[in-house]
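Structure at a glance
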Amino acid sequence: MTARLPALLTCLLPLALLLPTASTAAPACPPAIAMPSEAQAQSLAAQAPDRGLLYRLRRDGVDSYLYGTLHVGRMEWLFPGPRLREAMTQSRVLALELDLQDPATLQILSQPPRHAEALKLSEPLRKRMSAQARAACLPEQALASLHPILQLSTYTVLQARWDGLDPSFGQEQMLSAWARQQGRSVLALESAERQQQALIPARAAEARKALLKGLDQLERGQVRPVLRRLAQAWADGDLELLQNYERWCECIEDEQDRIELRRLNDERNPELARGIEALHAKGQPVLAAVGALHLSGDQSLPRLLAARGFEVERLVPASDKR
């Protein structure tokens, strides 16, 4: 698969959350999600371990936090572990890559990207995309307002539902709901336009090539194993596996794929780091929640923030000063 598509889970917004709930009437559809009962919620909350990657960021006498998230999850992942609960309690600002409850953000995402050439689909390609809509149990026109690359990315994310992983259980959704309930400020570290530029090639020829690669991989059933492994690595806080994502994701076929992965991940990190630093400098503790791949590699956010004068300490999965 191309670098663009599996990376969506950890470094791009969960576009599937903008969709109506998929029908589950047909047996070919993934199982419907079920929210926990009150008794289940109490039990899961009491027993929840810490998952993902959590860092403390200390500078100028203020402690902020950096949390690596996954944009899909399981029901039990909605409940934060003790370290994350402590970070949530101490923070006054929640910083996300994007705030999907911001009407202006949603309006931009529903419009054609201004930086990219229009991508017109041939009839055979349109039929292949329609088949993916049916496989995702969505009406054929449900994603009609989105660029074809974003349509395919959404179909890719929705593949995870077959393995019990759903965008509705993503960490950002839990944190956003908690922050608003508690009266915390919710701010975006990026603009919707910036994320569109990271995901969608400006040239139609490049976008068509990426679309064909992604469709081929979806049709061959090669997406779900990567999503499962990525989700398990996140749940285990397996930083080493995340660091080596490029080696095992089966998503790097040529130099162009490497360029795309860097654009999606490494090249966005300096801007994310600047945003976190600017919010922290206002003197209120920040909880910054971004895709977990941004916390890995030579240009990881922990490294960039340390270079900006932060004392960076990994709290989850284990204490580690860098």
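A count of helical and extended segments in the chain gives 15 helices and seven strands. For 322 residues, the compact-globule estimate of 2.2 N^0.38 gives 20 Å, and the chain sits close to it at 19 Å. Across its three principal axes, the chain shows a C-alpha extent of roughly 60 × 45 × 35 Å. Within the chain, residue pairs in contact and separated by at least 24 positions form 82% of the contacts whose partners lie at least 6 positions apart. A total of about 13800 Å² of accessible surface is found on the chain, and carbon and sulfur atoms cover 49% of it.

On to the nonpolar core, then. Counting residues in hydrophobic clusters, the biggest one holds 91 residues, and the most contacted among them are Leu66 and Tyr155. Top contributing element to this core by residue count: helix H10 (residues 223–236), with eight residues. If near-sequence neighbours (up to four positions away) are discounted, Tyr155 is found in contact with Met129, Gln132, Ala133, Ala136, Leu138, Leu143 and Leu218.

The subject of this paragraph is helix H5 (residues 123–135). Look at H5: 18 Å from first C-alpha to last across 13 residues, which is about the 18 Å you get at 1.5 Å a residue. Three or more residues of H5 are buried, namely Leu125, Met129, Ser130, Gln132 and Ala133. Down the axis, H5 shows its buried residues gathered within 155° of arc, on one side only. Exposed and facing more than 90 degrees away from the buried side of H5 are Pro124, Lys127 and Arg134. Contacts from the buried residues of H5 go to helix H6 (148–158) and helix H9 (204–219). Looking one or two places after H5, you find Cys137, whose phi comes out positive at around 60°.

On to the pattern of salt bridges. Evaluated as defined, the whole model comprises 22 salt bridges. Two residues, Arg59 and Asp60, come together in a salt bridge whose shortest N-O distance is 3.5 Å. The exposure class of Arg59 is buried, given its relative accessible area of 16%. On the basis of relative accessibility, which here comes to 65%, the residue Asp60 falls in the exposed class. A salt bridge links Glu117 to Arg203; the nearest nitrogen and oxygen atoms lie 3.4 Å apart. Placement of the pair is Glu117 in the loop between helix H4 (103–109) and H5 and Arg203 in the loop between helix H8 (192–199) and H9, with a sequence separation of 86 residues. Judged by its relative accessible area of 51%, Arg203 is exposed. When salt bridges with common partners are traced through the structure, they connect Arg56, Arg58, Asp63 and Glu313 into a single cluster.

With that out of the way, let us pick up the confidence of the model for the chain. Do not read the fine detail of predicted coordinates wherever pLDDT is low. Averaged over all residues, the pLDDT of the chain is 89; the fraction at 70 or higher stands at 90%. Every residue in residues 1–14 is under pLDDT 50, and counting partners more than four places away or in other chains gives 78 contacts. Predicted confidence for residues 20–26 stays below pLDDT 50, and this span has eleven contacts to residues more than four positions away or in other chains.

So, about the packing of H5 against H6. Here H5 crosses H6 at 35°, and the two axes come no closer than 10 Å. Helix-helix and strand crossings are classified by hand; for H5 and H6 the assignment is left-handed. For the pair H5 and H6, the contacting residues are Met129, Gln132 and Ala133 in the first and Pro148, Gln151, Leu152 and Tyr155 in the second. Split by residue class, the contact of H5 with H6 holds five nonpolar, two polar and no charged.

Overall, the coordinates contain one disulfide when judged by the stated rule. Two residues, Cys29 and Cys137, share a disulfide whose sulfurs are 2.0 Å apart. Here the disulfide of Cys29 and Cys137 is left-handed, its torsion about the S-S bond being about -115°. Linking Cys29 in the loop between helix H1 (4–11) and helix H2 (38–47) with Cys137 in the loop between H5 and H6, this pair joins segments that are 108 residues apart in sequence. For the pair Cys29 and Cys137, a shared accessibility class is recorded, and that class is buried.

With an omega of 10°, the peptide bond between Val316 and Pro317 qualifies as cis. Mapping Pro317 onto the fold places it in the loop between strand E6 (311–316) and strand E7 (320–321). In this model, Asp60 sits at a positive phi of 55°, which is unusual for a non-glycine residue. As for its placement among the helices and strands, Asp60 is situated in the loop between strand E1 (53–59) and strand E2 (62–69).

Another point: the pairing of E2. Across the eight residues of E2, seven count as buried, placing the element largely inside the fold. Alignment of E1 against E2, held across seven bridges, turns out to be antiparallel. Bridged to Arg59 within E2 is Val62. With antiparallel pairing between neighbouring strands as the criterion, E1 and E2 make up a hairpin whose turn holds two residues, including Asp60 at a positive phi of roughly 55°. Strand direction decides the pairing type here: E2 and strand E5 (residues 286–291), joined by five bridges, are parallel. Within the sheet, the bridge partner assigned to Tyr67 lies in E5 and is Ala289.

What counts as what
- Residues numbered from 1 in each chain as written.
- Predicted model: local features only at pLDDT ≥ 70, side-chain atom pairs only at ≥ 80, totals over all residues.
- Heavy atoms only, no water.
- Helix = DSSP H or I, 4+ residues; strand = E, 2+ residues; numbered from the N terminus.
- Rg over C-alpha atoms; globule rule 2.2 N^0.38 Å.
- Contact = heavy atoms within 4.5 Å.
- Areas by Shrake-Rupley, 256 points an atom, 1.4 Å probe, with all protein chains shown as cover.
- Core = buried A, V, L, I, M, F, W, Y, C linked by side-chain atoms within 4.5 Å.
- Buried < 20%, exposed > 50% of the residue type's maximum accessible area, 1.4 Å probe, protein only.
- Expected span 1.5 Å × (residues − 1).
- Arc of directions from axis to C-beta.
- Salt bridge = Lys/Arg side-chain N within 4 Å of Asp/Glu carboxyl O.
- pLDDT = per-residue confidence, 0-100.
- Axes fitted to C-alpha atoms, helices over the stretch in contact; angles between N-to-C directions.
- Left-handed = near helix turned anticlockwise from the far one by under 90°.
- Nonpolar A, V, L, I, M, F, W, Y, C, P; charged D, E, K, R; others polar.
- Disulfide = S-S within 2.5 Å.
- Pairing = 2+ DSSP bridges.

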